[in-house]
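Breakdown of the fold
Here is what each chain is made of, one letter per residue.
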Amino acid sequence: MHELKLVIFDMDGLMFDTGRLAYRVYSKTAQKFDFELHPNVYYHLTGRNEAGFRETLKELYGHDLPTDTWRDFMTATKKEIIYSERRVYKKKGLLELLAFLKENGYLIALASSSKREIISFYLEIEEIPDCFDVIIAGDEVTQGKPHPEIFLKACEKLNIKPSKALVLEDSLAGIEAANRAVIPSFLIEDDLTDLPPIAGKYPLKMTLPVKKEKEFFPTQQFNDLLEVRDYLKKEN
C-alpha cells in the first residue's frame, strides 16, 4: 500500500452500529407519515449531511410531500431512543483497529456528517479512548458528502497530503467524497438487507438502487474493521 500516515474514520455505520438504529427510526416514522420504505432508501441516504438528506428525501418522494416534517420527527425519535438507551454499539474490530493504529504511530482523524455534540455523545457513551488527533463534524464544513471538503479538511488540519491518507467508510456517498479528494478508501458496508420493507400511501418516485454506471469505487472492500486491522498489519 502507499506510504500511509493518516487514517480517517467516518462514524455512523462505520464505528457504531447505527445503521439498524436508523432504519428502526425510519420504519417507525415512515408508518406514521405513510411513506413507502425499504433498506435501499437507507443506503441511498446514508453519509449525507442534514441539508443533503432533506433534499434527497424530496427527490425520492416529491417536493410537494411533508418530507421535512417527517425528517424532523425522525430526528426527534432517534434522539429520544439514543438518550433513553444510551447505546449505539461499537462495530466489530473498532477498538482493535484504533489500538493498532496508535501503537504503530499513525495519525487518526474522525470526519463525520453528524454534529459535534452527537459525535461527543457517542464517543462518551461507548467509552471510546481519546485517540483522535482531530475531529471534523458535519456542522463545521460548508459542503457535505459526497463533496470532499470534510476529508480534505482533516488532511489539512494534520498537515498530511491526501495521497498519504486512507478513508474508512460505510457509505457510497463517503466513497465518492474520498475519490473526489483523491484519497484511497476502504468500504465496510452495513448489511441491512434482512430488514423489512414498509408499504405506504406515498411511494418512491425512483427505483432504488439507482441503475447507473458506477463512477466511484473503494480501493478495497472489507466485511468488518477487524479485517481492516489485519490487512494493515500485513502491509505495515
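Preceding this paragraph is the structure being described.
None of these values were measured; they are calculated from a predicted model. (Residues numbered from 1 in each chain as written. Predicted model: local features only at pLDDT ≥ 70, side-chain atom pairs only at ≥ 80, totals over all residues. Heavy atoms only, no water.)

1. Some points on the packing of aromatic side chains
The line we're drawing: Each Phe, Tyr or Trp ring, with Trp reduced to its six-membered ring, pairs with another whose centre is within 6.5 Å; inter-plane angles below 30 degrees give stacked pairs, above 60 give edge-to-face pairs, and intermediate values give tilted ones. Only runs of H or I of at least four residues qualify as helices and only runs of E of at least two qualify as strands under DSSP, and these elements are numbered from the N terminus. Relative accessibility decides the category of a residue: with a 1.4 Å probe and only protein chains considered, values under 20% of the type maximum give buried, values over 50% give exposed, and everything between is partly exposed. Here, over-ring charges are defined by two tests on the NZ atom of lysine or the CZ atom of arginine: distance to the ring centre within 6 Å, and angle to the ring normal within 35 degrees.
The full count for this structure, using the stated rule, is 15 aromatic pairs. Ring centres of phenylalanine 16 and tyrosine 122 lie 6.0 Å apart, and the angle between their planes is 90°; on these two criteria the pair is classed as edge-to-face. Here phenylalanine 16, found in the loop between strand 1 (6-9) and helix 1 (18-33), pairs with tyrosine 122, found in helix 6 (residues 116-125); they are 106 residues apart in sequence, far enough to count as distant. Residue classification places tyrosine 122 among the buried residues on the basis of a relative accessible area of 2%. Between phenylalanine 35 and tyrosine 202, the ring centres sit 5.3 Å apart and the planes meet at 45°, which makes this aromatic pair tilted. Within this pair, whereas phenylalanine 35 is found in the loop between helix 1 and helix 2 (39-45), its partner tyrosine 202 is found in the loop between strand 5 (185-187) and strand 6 (220-221), the two being separated by 167 residues in sequence. Members of the aromatic cluster, each reached through a chain of ring pairs, are Tyr26, Tyr42, Tyr43 and Phe53. Taking the ring centre of phenylalanine 33 as reference, the NZ or CZ of lysine 32 above it sits at 5.8 Å. Positioned above the aromatic ring of phenylalanine 53 is the side chain of arginine 71, whose terminal nitrogen or guanidinium carbon lies 3.7 Å from the ring centre.

2. Some remarks on the nonpolar core
Heads up, the rule is: Among the buried residues, those of types Ala, Val, Leu, Ile, Met, Phe, Trp, Tyr and Cys that are joined through side-chain atoms within 4.5 Å form a nonpolar core. By definition, residues are in contact when any of their heavy atoms lie within 4.5 Å.
Among the nonpolar cores identified, the biggest contains 60 residues, and Phe9, Met15, Tyr61, Phe132 and Leu168 are the most heavily contacted of them. Among the elements that take part in this core, helix 1 stands out by supplying seven residues, more than any other. In contact with tyrosine 61, not counting residues within four places along its chain, are Phe35, Glu36, Leu37, Val41, Thr67, Trp70, Tyr202, Pro203, Leu204 and Lys205. Among the nonpolar cores identified, the runner-up in size contains 19 residues, and Ile150, Phe151, Cys155 and Ala181 belong to it.

3. Section: helix 3 (residues 50-61)
To be explicit about the condition: How far a helix is expected to stretch is found by multiplying one less than its residue total by 1.5 Å.
Given a rise of 1.5 Å per residue, 12 residues ought to cover 16 Å, and the 17 Å separating the end C-alpha atoms of helix 3 matches this to within 8%. Every buried residue of helix 3 is accounted for by Phe53, Thr56, Leu57, Lys58, Leu60 and Tyr61. Contacts made by the buried residues of helix 3 are with helix 1, helix 2 and helix 4 (67-85). Backbone geometry just downstream of helix 3 places glycine 62 in the positive-phi region, at approximately 115°.

4. Observations regarding the state of the cysteines
Note the threshold: The disulfide definition used here is simple: a pair of cysteine sulfur atoms within 2.5 Å.
Applying the stated criterion across every chain, the model contains zero disulfides. The structure places no disulfide on cysteine 131, whose sulfur is separated from the nearest cysteine sulfur, that of cysteine 155, by 17 Å.

5. Focus: the pattern of salt bridges
The test is simple: In the sections that follow, a salt bridge refers to a side-chain nitrogen of Lys or Arg positioned within 4 Å of a carboxyl oxygen of Asp or Glu.
In total, this model carries 20 salt bridges according to the counting rule given. The shortest N-O distance in the salt bridge between aspartate 190 and lysine 91 comes to 2.6 Å. On the criterion of sequence distance, the pair formed by aspartate 190 in the loop between strand 5 and strand 6 and lysine 91 in the loop between helix 4 and helix 5 (94-103) is long-range, its members being 99 residues apart. A salt bridge links glutamate 140 to arginine 116; the nearest nitrogen and oxygen atoms lie 2.5 Å apart. Taken as a pair, glutamate 140 in the loop between strand 3 (134-136) and helix 7 (149-157) and arginine 116 in helix 6 lie far apart in primary sequence, 24 residues in all. Salt bridges here are not isolated pairs; linked through shared partners, they connect Glu50, Arg54, Lys58, Asp68, Arg71 and Asp72.

6. Looking at the pairing of strand 4 (residues 165-169)
Note the threshold: When DSSP finds at least two bridges between two strands, those strands are taken to pair. Handedness rule for crossovers: strands pointing away from the viewer, path from the first strand over the helix to the second running clockwise, crossover right-handed.
Burial analysis of strand 4 places five of its five residues in the buried class, the great majority of the element. Looking at chain direction, strand 1 and strand 4 are connected through four bridges and run parallel. In the sheet register, valine 7 faces strand 4, and the bridge partner there is leucine 166. Note: strand 4 against strand 5, three bridges, orientation parallel. Paired with leucine 168 across the bridge in strand 5 is phenylalanine 186. What joins strand 4 to strand 5 is helix 8 (residues 172-180), and the crossover it makes is right-handed.

7. Concerning helix 5
Here is the rule we go by: When we speak of the arc, we mean the arc of directions from the helix axis to the C-beta atoms.
Taken residue by residue, helix 5 has Leu94, Leu97, Leu98, Phe100 and Leu101 as its buried positions. An end-on view of helix 5 places all buried positions within 160° of arc, on one side of the element. Here the buried face of helix 5 lies against strand 1, strand 2 (107-111), strand 4 and helix 9 (225-235). One or two positions beyond helix 5, positive phi appears at glycine 105, with a value near 80°.

8. Things to note about the packing of helix 5 against helix 9
The criterion, for reference: Structural elements are reduced to axes, namely lines fitted to C-alpha atoms, with helices fitted over the stretch in contact, and the angle between N-to-C directions of any two is expressed from 0 to 180 degrees. By the definition adopted for this analysis, an angle is roughly parallel if under 35 degrees, roughly antiparallel if over 145, roughly perpendicular if from 65 to 115, and oblique otherwise. With the far helix as reference, a near helix turned anticlockwise by less than a right angle produces a left-handed crossing, and one turned clockwise produces a right-handed crossing. Residues are grouped as follows: Ala, Val, Leu, Ile, Met, Phe, Trp, Tyr, Cys and Pro are nonpolar; Asp, Glu, Lys and Arg are charged; every other residue, Gly included, is polar.
It is the contact of helix 5 with helix 9, at a shortest axis distance of 7 Å, that shows an interaxial angle of 25°. Classified by the angle between their axes, helix 5 and helix 9 sit roughly parallel to one another. Judged by the twist between their axes, the crossing of helix 5 over helix 9 is left-handed. Mapping the contact onto sequence places Leu94, Glu96, Leu97, Phe100 and Leu101 in helix 5 and Leu225, Leu226, Val228, Arg229, Leu232 and Lys233 in helix 9. Taken together, the residues of the contact of helix 5 with helix 9 break down into eight nonpolar, no polar and three charged.

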